[in-house]
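Observations on the three-dimensional arrangement
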Amino acid sequence: MTVAQPIRIHKPRPTLKGRQPTISARAVIAELTGGEAPRRDLLIEYLHRIQDAYLGLSEDHLTALADWMRLSTAEVFEVATFYHHFDLLKGDEKAASLTVRVCDGLSCALAGAETLLAEIERLNQNPDVRLIRAPCVGRCEQAPVAVVHQRPVIHATSEAVMQCIARDERTHPEASPEGDFDPVTHVESSVVTTDDNSGIAPAYVGFQNYLHHGGYQLLRDVHDGRVTKESVLQAMTDSGLRGLGGAGFPAGRKWQIVSSQPAPRLLAVNIDEGEPGTFKDRTYLERDPHRFLEGMLVAAATVGIDAIYIYLRDEYHGCRALLTQALKQLREWAPMPLPLIELRRGAGAYICGEESAMIESIEGKRGEPRMRPPYIAEVGLFGRPTLEHNFETLYWVRDIVQRGAAWFSSFGRNDRQGLRSFSVSGRVQQPGVKLASAGITLRELIDTYCGGMLPGHTLYAYFPGGASGGILPARLADVPLDFDTLQPHGCFIGSAAIVVLSDQDRASDAALNTLRFFTHESCGQCTPCRVGTDKAATLMAEKQWDWDTLNDLAAVMADASICGLGQAVPNPIRCVATHFAHEVR
């Protein structure tokens, strides 16, 4: 099988110019790379190996890496400096022995993240322990959250974090493969209840258990011709399944487009899940990984995919270990040839949730969105036609094909169709992932699935689609939640991340939190987004907002930004102007 290889824009340098690597640094790179031949597209993976081993990236190690890869030092440094999880060390600077991150995303802010941060800072007397803020870490239902190196501390208190530091508990615990989980049993209910929502490594459906309950039978049937590729494609089309990462493009239509392109064709799977308020992909993945892998391989067989690249956000350390093991078991068992499958690790960049930025990152480059056309279905990863899918979209493939398209499309309320996984956090009694009919309203979601509002709290406002989806007031809590239903109100559902605010919150403060997030996460490639987010956040920190300037900024960002990040930034600003202007007059 021939798989497209990375395209080199420049010829490799025979030798470095300027600073040369030391003998000891060369030895470090040789040890970390294990004698393998360098690949340009694995630059970020190599940086992770150095960061994991030495807790930072020294200039000497980066120079030696550039020399080994036959790249310029500038090319290596520009990639390393782009991603938040790489710590560059200057000269003889030493890395912190331990880093503690406290999430200050919206859900954690509502749960007291600022107080938590201040208390840890007061209690920590160790100068070798670094305390920093972190954007959303994807555990909004367990807010507030701190992460001690790679170990999450959920429902965090300063005492719990300090105990974790004292015990040097810095790695994510292993999960048991003895779990029992079937998403269909959770239809129109909570996927995870408050009672079983306290752990960070829930038991998952292991390989043997998955096989025992009919797992990978669909894949074998497709491979052996008992289920035709045409019938799979028809089921996906008839089900009405739309991309569940945010864009909502019909999945069956996307498969048709990519399958019509010349081979070799590639599949890029997006599990970056960086939208504040979103945690549904992690919830399913850490309980039922093989259902996703089977859906992925059925999609690959149907479309004619030669190689698969799974892009997983760096914060999901437990999921990475779980997927690594699952892929190993799958390769050892597979009774049919599998396409090349590579698991790639993000490095802390929200922008890589944008499909073309993710592709740039998989290629080992800065995660900067591409201008379109061409679209990635035609010219995508490594210049080849690429099918890009969110995790959850592929997660439902097995059930849709085996149960029939009518099963999936039979769900729905208010003239909508299908199932939606809502990540609900904020001022509700039972946050978590709720698997509900498309078109359910927020009021129904809170009352039926979330146990109502927290005691003493009254619904005031909500984000229907995460930080970028805008903000709606309580009087619009009966609008159906689905694709295309929220646009008339200046919002969109995106990845269905619902953050609920109460009468004890201010929508303008929540909007400022999101703008600070966007300022931090803008890739900086285009001026409207890079400058506009920072300027808007500065203006929104004032008691009275300069509406003329904010409206100008919103118009420029929406019209001139390269990608959806800058284009969506105006949503919370405009929603405050429409529904909550009384807060900042």
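Summary of the structure given here. (Residues numbered from 1 in each chain as written. Predicted model: local features only at pLDDT ≥ 70, side-chain atom pairs only at ≥ 80, totals over all residues. Heavy atoms only, no water.)

Most of helix 3 (residues 59-69) sits inside the fold, with 9 of its 11 residues counted as buried. The set of residues buried in helix 3 consists of Asp60, His61, Leu62, Thr63, Ala64, Leu65, Ala66, Asp67 and Met69. Just beyond helix 3, the residue with positive phi is arginine 70, at close to 60°. (Buried < 20%, exposed > 50% of the residue type's maximum accessible area, 1.4 Å probe, protein only. Helix = DSSP H or I, 4+ residues; strand = E, 2+ residues; numbered from the N terminus.)

Next up on the list: the nonpolar core. It is characteristic of soluble globular proteins that their nonpolar side chains tend to be buried jointly. Membership of the largest hydrophobic core comes to 166 residues, with the highest contact counts inside it found for Phe292, Met296 and Ile310. Residue contributions to this core peak at 8 residues, all from helix 13 (residues 289-303). (Core = buried A, V, L, I, M, F, W, Y, C linked by side-chain atoms within 4.5 Å.)

The sheet built from 4 strands is open, its strands ordered 10-9-8-11 with parallel pairing. At either end of the open sheet lies a strand with only one pairing partner, and these are strand 10 (340-345) and strand 11 (386-390). On average, each strand axis in the sheet is inclined to that of its neighbour by 20°, with strand direction left out of account. Its contacts with the sheet place helix 11 (residues 251-259) against strand 8 (265-271) and strand 11, and it is angled at close to 160° to strand 11. (Pairing = 2+ DSSP bridges. Axes fitted to C-alpha atoms, helices over the stretch in contact; angles between N-to-C directions. Contact = heavy atoms within 4.5 Å.)

Among the 6 residues that make up strand 13 (residues 432-437), 6 are buried, leaving the element largely enclosed by the rest of the structure. Sheet analysis places strand 7 (residues 189-190) next to strand 13, joined by 2 bridges and oriented antiparallel. Paired with serine 190 across the bridge in strand 13 is lysine 434. Across 6 bridges, the pairing between strand 12 (residues 419-426) and strand 13 is antiparallel. Bridge pairing links valine 424 to glycine 432 in strand 13. Counting the residues that bridge the hairpin from strand 12 to strand 13 gives 5 residues.

Applying the stated criterion across every chain, the model contains 46 salt bridges. Between arginine 282 and glutamate 141 there is a salt bridge, with its nearest N and O atoms 2.6 Å apart. Here the residue arginine 282 occupies a position in helix 12 (residues 280-285), and glutamate 141 occupies one in the loop between strand 4 (129-134) and strand 5 (146-148), the gap between them amounting to 141 residues. Like arginine 282, the residue glutamate 141 is buried in the burial classification. As a salt-bridge pair, aspartate 484 and arginine 242 come within 3.0 Å of each other at their nearest N and O atoms. Taken as a pair, aspartate 484 in the loop between strand 15 (472-473) and strand 16 (497-502) and arginine 242 in the loop between helix 10 (229-239) and helix 11 lie far apart in primary sequence, 242 residues in all. When salt bridges that share partners are traced, they join Asp182, Asp288, Arg291, Asp399 and Arg403 into one network. (Salt bridge = Lys/Arg side-chain N within 4 Å of Asp/Glu carboxyl O.)

Here we come to the packing of aromatic side chains. The tally for this structure, following the rule as stated, stands at 23 aromatic pairs. With a centroid separation of 5.7 Å and an interplanar angle of 25°, the aromatic rings of phenylalanine 391 and tyrosine 395 are classed as stacked. With a gap of 4 residues between them, phenylalanine 391 and tyrosine 395 both fall in helix 16 (residues 391-395), about one helical turn apart. Taking relative accessible area as the criterion, phenylalanine 391 reaches 0% and is therefore assigned buried. Here tryptophan 407 and phenylalanine 411 contribute two aromatic rings whose centre-to-centre distance is 5.7 Å and whose plane-to-plane angle is 85°, an arrangement assigned as edge-to-face. The residues tryptophan 407 and phenylalanine 411 share a single accessibility class, namely buried. (Phe/Tyr/Trp six-rings, centres within 6.5 Å; stacked < 30°, edge-to-face > 60°.)

Before going further, it helps to examine the side chain of aspartate 87. Tracing the chain through its elements places aspartate 87 in the loop between helix 4 (73-80) and strand 2 (88-89). Given a relative accessible area of 16%, aspartate 87 falls into the buried group. With near-sequence residues (within four places) excluded, aspartate 87 lies in contact with Gln51, Leu55, Gly56, Leu57 and Arg130.

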